[in-house]
Amino acid sequence: ADCRYTCHQECCSLIQLDCHQGQPSPESTLLPPCSQNVTQTVEEEKPEPPTVQEIKQKIEKYNAKVTNCLLMKLNDDGTYTGFIKVHLKLRRPVTVPAGIRPQSIYDALKEVNLAEMTAKRTSFYLPLDAIKQLHISSTTTVSEVIQGLLKKFLVVDNPQKFALFKEMRKDGQVLLQKLLLSEYPLYLRLLAGPDTDVLSFVLKENETGEVEWDAFSIPELQNFLMILDKEEKDKIQQVQRKYEKFKQKLQQTLKEARGKPG
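Calculation rules
- Residues numbered from 1 in each chain as written.
- Predicted model: local features only at pLDDT ≥ 70, side-chain atom pairs only at ≥ 80, totals over all residues.
- Heavy atoms only, no water.
- Phe/Tyr/Trp six-rings, centres within 6.5 Å; stacked < 30°, edge-to-face > 60°.
- Lys NZ or Arg CZ within 6 Å of the ring centre and 35° of its normal.
- Helix = DSSP H or I, 4+ residues; strand = E, 2+ residues; numbered from the N terminus.
- Buried < 20%, exposed > 50% of the residue type's maximum accessible area, 1.4 Å probe, protein only.
- Lys, Arg positive; Asp, Glu negative; His and termini not counted.
- Salt bridge = Lys/Arg side-chain N within 4 Å of Asp/Glu carboxyl O.
- Polar contact = N/O pair within 3.5 Å; in protein donor to acceptor, adjacent residues only side chain to side chain.
- Contact = heavy atoms within 4.5 Å.
- Core = buried A, V, L, I, M, F, W, Y, C linked by side-chain atoms within 4.5 Å.
- Pairing = 2+ DSSP bridges.

Tallied over the entire structure, the rule returns 0 aromatic pairs. Residue placement shows K132 over the ring face of F153; its charged tip is 5.8 Å from the ring centre. It is K204 that lies over the ring of F165; its NZ or CZ is 5.7 Å from the centre.

Here is the structure:
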């Protein structure tokens, strides 16, 4: 208490000091318990949402740059609708229902889920870099966009296996950034303008550093093993062909050199 030695309240009874400086110590020299002595992270201030007038001005500016009919429309309630294009860059096969008829206009209007009409499943690769156009609202989240894309292609895989990225080009480089599930793609489209060279959306596998195998079913895992086995055999054949050609060229060179001096 006299020499202003600082310690936690729990440790106070364990400290023995022989100090007689005659200077009273303020109570503030005793720190609160460890559980309370924690630096609190100050939350960043979120920007204020744009007003309806600001949104209206942005939409007018956006539509002035549109070269096709894919305009944005402002609704009376302050929301707006528009189009986004999503590039599908999936490296792994997707799971779809097997043996069902193509979706009809009636199915689309009635929102009939054809995937629930059969328990049979099959896997195949979607065309690399296929493009799908979606008409969405300003309230449509990234999570809903992913689910909508899977539904259009009748993909029955867990949506958590996929992620939506925004692709930007800057100084000749292509930058990819994973979007949060709570973000609004149409608002990002509005801010960037209609030019897809400035900003585009890409659907890819959700790479989390480690593969979440629990999200896959047993047939999917067995299918992955078959694919890996096929890729392994193809790689072995490529190596064998490479060295077989090298062997043939070497033998031909030796054959041509046999009758020459030296």
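This brings us to the side chain of E205. With respect to the element layout, E205 can be found in strand β10 (residues 199-205). Of the side chains with opposite charge, R92 comes closest to the buried, unpaired E205, at an N-O distance of 4.6 Å. Reaching out from E205, the side chain makes a polar contact with the backbone nitrogen of R91 at a distance of 2.8 Å. Within polar-contact distance, the side chain of E205 engages the backbone nitrogen of R92 at 2.8 Å. Once residues lying within four places of it in the same chain are set aside, the contact partners of E205 are K89, L90, R91, R92, K161, F162, A163 and F165.

Let us now look at unusual backbone geometry. Residues other than glycine seldom take positive phi values, yet L154 does so here, at roughly 60 degrees. Topologically, L154 is positioned in the loop between α3 (142-152) and β8 (162-170).

In this section: the nonpolar core. Residues I84, V86, F162, L164, F201 and L203 are the most contacted members of the largest nonpolar core, which totals 30 residues. Contributing elements (two or more residues each) for this core: α1 (52-65), β4 (80-88), β5 (94-97), β7 (130-137), α3, β8, α4 (185-192) and β10. The element that contributes the greatest number of residues to this core is α3, accounting for 5 residues. Apart from residues no more than four positions distant in its own chain, I84 is found in contact with K132, Q133, L134, I136, V145, P185, L186, R189 and F201.

Once that is clear, we can look at the pairing of β4. Counted residue by residue, β4 has 7 buried out of 9 residues, so it is predominantly covered. Pairing of strand β3 (residues 73-74) with β4, which is carried by 2 bridges, proceeds in the antiparallel orientation. In the strand pairing of β4, L74 is matched with Y80. Where β3 hands over to β4, the hairpin turn is made up of 5 residues, of which G78 adopts a positive phi near 95 degrees. In this sheet, β7 lies alongside β4 in antiparallel orientation, the contact comprising 8 bridges. Bridge pairing in β7 places L88 opposite A130. In terms of strand pairing, β4 meets β10 through 3 bridges, oriented parallel. By the bridge assignment for β10, V86 is matched with F201.

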